[in-house]
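Structural overview for review
Spelled out, the chains give:
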Amino acid sequence: MEPEILLSLSEEYVDLRDLVREVVKNEVIPLRLELDEKEEYPWRVFEKFKEAGLFASMYDEEWGGLGMGMMANVIMAEEVAYGCLGVETALLASKLGALPIEVGGTKEQKEKWLPLLASGDKISAFALTEPGAGSDVPALRTSAVKKGDRYVLNGTKQWISGGGQAHFYTVFAMTNKDRGPRGISCFIVEKDTPGFSFGKKEEKLGIRCSETRQLIFEDCEIPEENLIGMSENKGFLHALKTLNLSRPVVASSAVGTAQGAFDTAIQYAREREQFGVKISSFQAIQHMLADMAMKIEAGRLLTYKAARLAEAGHKDAAKFSAMAKCFTADSAMAVATDAVQILGGYGYVREYPAEKYFRDAKILQIYEGTSQIQRNEIAAGLIKEAASGSR
Ligand SMILES: Cc1cc2nc3c(=O)[nH]c(=O)nc-3n(C[C@H](O)[C@H](O)[C@H](O)COP(=O)(O)OP(=O)(O)OC[C@H]3O[C@@H](n4cnc5c(N)ncnc54)[C@H](O)[C@@H]3O)c2cc1C
């Protein structure tokens, strides 16, 4: 059976998948090693994505997009990550920056900011994490104090994808620290605002073309119209809604990473000879390939389920988003590790992409909530369900 039948992908999505696959084959795969080695932000690739209308496919028609819904992001994430998880992270980090506006912004805010992203003219970024607040989001200390018709921001954001390159940032800050997570608000901050600067470019293990930096706010004044939803203390809610929608997309990028590593491994296994036979004839290699393929297929199905529940606003969306993100991230790391093993010495060097998939895959278990945090959330959801007797 064709995978699109199993996954119930409509013709529109199959066409999008084929288009992205073609663009990735022609524009991402030939450049990925160079971008990685130079740690070059993928503007060159974005130009091609723009021409192919890929930015537009991520946004609603109302805001200048193609109105293809969340599945478009899921499909695109898998295909782009198949080519390069660094490029995928750079691309989807911009959508992540847009989500707080989509889930919590006023009509005026959506009209002002989202068309800039749908056209591919501007890039945004999402700034939640801080040096002292990673998994523990409510511990964030960046503050926003109202001063007339402006807010004054002070604090530091850590590990922000697109930091330094993005044109505007959705930044979470405390407007009422006595209320804990209920005192967090979210603001849009433009790149060249006085009092807003960047830390050094982080030198990373993988996804090296996706720039990551600190954001530093020192008495940075922004207009009150940049408070998302024009309502204080709703930021934590915006962040949770954002993550429920973005985690299936990260999961899909993990499936793409794993598929890329798998394809590299199976192709190599069919060519490499030892002891006078192809290594694909050894049962030890065959079983590794079978396990890898099972993880990928199961992960893809779970991801599609999570994405459809998230898109429908289903009550179980958070639990399935966490399940999909955790399962596929752990699977991608396992598959990429086995791919390196199948390539032997060639798995350890840059001549083949297995080495890069392996380096890139690790981030999937860390960003947008570590695998430990996903398990905490899944278990909390399950225990709550059991307590309420719902099934
Ligand atoms: C390359 C990169 C890009 C990123 N991009 C962005 C971005 O664009 N925007 C953004 O806001 N953030 C971004 N992040 C931040 C990322 O989401 C955090 O790094 C992540 O949430 C983990 O936080 P931490 O690094 O502070 O680790 P910590 O929270 O300090 O965790 C350290 C370890 O302790 C474990 N741990 C912590 N708490 C618990 C617990 N309660 N139970 C069990 N184990 C626990 C963790 O799982 C982990 O293994 C990025 C990070 C990286 C590395």
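Residues numbered from 1 in each chain as written. Predicted model: local features only at pLDDT ≥ 70, side-chain atom pairs only at ≥ 80, totals over all residues.

This part covers the overall build of the protein chain. A count of helical and extended segments in the protein chain gives twelve helices and nine strands. The C-alpha radius of gyration computed for the protein chain amounts to 21 Å, which stays within 12% of the reference 21 Å derived for 391 residues, consistent with globular compactness. The principal-axis extents of the C-alpha atoms in the protein chain amount to approximately 80 × 55 × 40 Å. Here the protein chain, with 391 residues, has 51% of them falling under the buried criterion. Expressed as a percentage of contacts within the protein chain between residues at least 6 apart in sequence, the contacts between residues at least 24 apart total 74%. (Helix = DSSP H or I, 4+ residues; strand = E, 2+ residues; numbered from the N terminus. Rg over C-alpha atoms; globule rule 2.2 N^0.38 Å. Buried ≥ 20, exposed ≤ 12 C-beta atoms within 10 Å, placed from the backbone. Contact = placed C-beta atoms within 7 Å.)

It is worth spelling out the site of the ligand at this point. Among the 22 residues in the neighbourhood of the ligand, the closest are listed as Thr129, Gly134, Ser135, Thr370 and Gln372. Of all elements in the fold, only β1 (124–127), β3 (150–161) and α12 (371–388) reach the threshold of two or more residues within the shell around the ligand. If you count residues domain by domain, the shell around the ligand takes at least three from each of domain 2 (124–233) and domain 3 (236–388). (Near = placed C-beta within 6 Å. Domains from an automatic or database assignment.)

For an interface, size is often stated in terms of accessible area lost upon the parts coming together. The domains assigned to the protein chain are domain 1 (3–118), domain 2 (124–233) and domain 3 (236–388). The C-alpha-based centres of domain 1 and domain 2 are spaced at 23 Å. With 24 residues of domain 1 at the contact, the number on the domain 2 side is 20 residues. Secondary-structure elements contributing two or more residues to the side of domain 1 that touches domain 2 are α3 (32–38), α6 (85–104) and α7 (107–118). It is α6 that contributes the most residues to the side of domain 1 that touches domain 2, 13 residues altogether. In terms of residue class, the side of domain 1 that touches domain 2 is made up of 13 nonpolar, eight polar and three charged. (Nonpolar A, V, L, I, M, F, W, Y, C, P; charged D, E, K, R; others polar.)

Here we come to the packing of helix α9 (residues 283–312) against helix α10 (residues 317–343). The relative placement of two packed helices comes down to the angle between their axes together with the axis-to-axis distance. Running from N to C, α9 and α10 point in directions that differ by 155 degrees, and their axes come no closer than 8 Å. Put simply, α9 runs roughly antiparallel to α10. You can see that α9 and α10 cross each other, and the crossing is left-handed. (Axes fitted to C-alpha atoms, helices over the stretch in contact; angles between N-to-C directions. Parallel < 35°, antiparallel > 145°, perpendicular 65-115°, else oblique. Left-handed = near helix turned anticlockwise from the far one by under 90°.)

Here the focus is the pairing of strand β7 (residues 212–223). Pairing analysis gives nine bridges linking β3 to β7, with the strands arranged antiparallel. Of the residues in β7, the one forming a bridge with Ser161 is Thr212. (Pairing = 2+ DSSP bridges.)

Here we come to the environment of Phe172. Here Phe172 shows up in strand β4 (residues 168–174). Here Phe172 falls in the buried class, since 27 other C-beta atoms lie within 10 Å of it. Linking Phe172 and Val340, residues 168 residues apart in sequence, is a C-alpha distance of 39 Å. Leave out the neighbours within four places in its chain, and Phe172 touches Ala127, Leu128, Leu140, Ile184, Cys186, Gly235 and Ala239.

Now for the packing of helix α5 (residues 70–83) against α9. Following both chains from N to C, one finds α5 and α9 inclined at 155 degrees, their axes separated by 9 Å at the closest point. As the angle between them shows, α5 and α9 are arranged roughly antiparallel. Helix-helix and strand crossings are classified by hand; for α5 and α9 the assignment is right-handed. Contact with α5, carried on its side by Met70, Met71 and Val74, involves Thr303, Ala307, Ala310 and Glu311 of α9 and no other residues of that element.

We now examine the nonpolar core. With 121 residues, the main nonpolar core has Leu153, Phe187, Ala336 and Ala339 as its most contacted residues. Here the element with the most residues in this core is α10; it accounts for 17 residues. Those residues within four positions of Ala336 in sequence are excluded, and the remaining contacts are Thr257, Ala258, Ala261, Tyr357, Phe358 and Ala361. (Core = buried A, V, L, I, M, F, W, Y, C linked by C-beta atoms within 7 Å.)

Here α10 contains 27 residues, and its C-alpha end-to-end distance of 38 Å stays within 8% of the 39 Å for a straight helix at 1.5 Å per residue. Buried residues dominate α10, accounting for 23 of its 27 residues. Among the residues trailing α10, Gly344 stands out with phi positive, at a value near 55 degrees. (Expected span 1.5 Å × (residues − 1).)

A few words on unusual backbone geometry. Positive phi, normally seen in glycine, also occurs at Trp159, with a value near 60 degrees. Residue placement: Trp159 occurs in strand β3. For Phe275, which is not a glycine, the phi torsion comes out positive at approximately 55 degrees. Mapped onto the elements of the fold, Phe275 is located in the loop between β8 (273–274) and β9 (277–278). By the C-beta count within 10 Å, which is 8 here, Phe275 ends up exposed.

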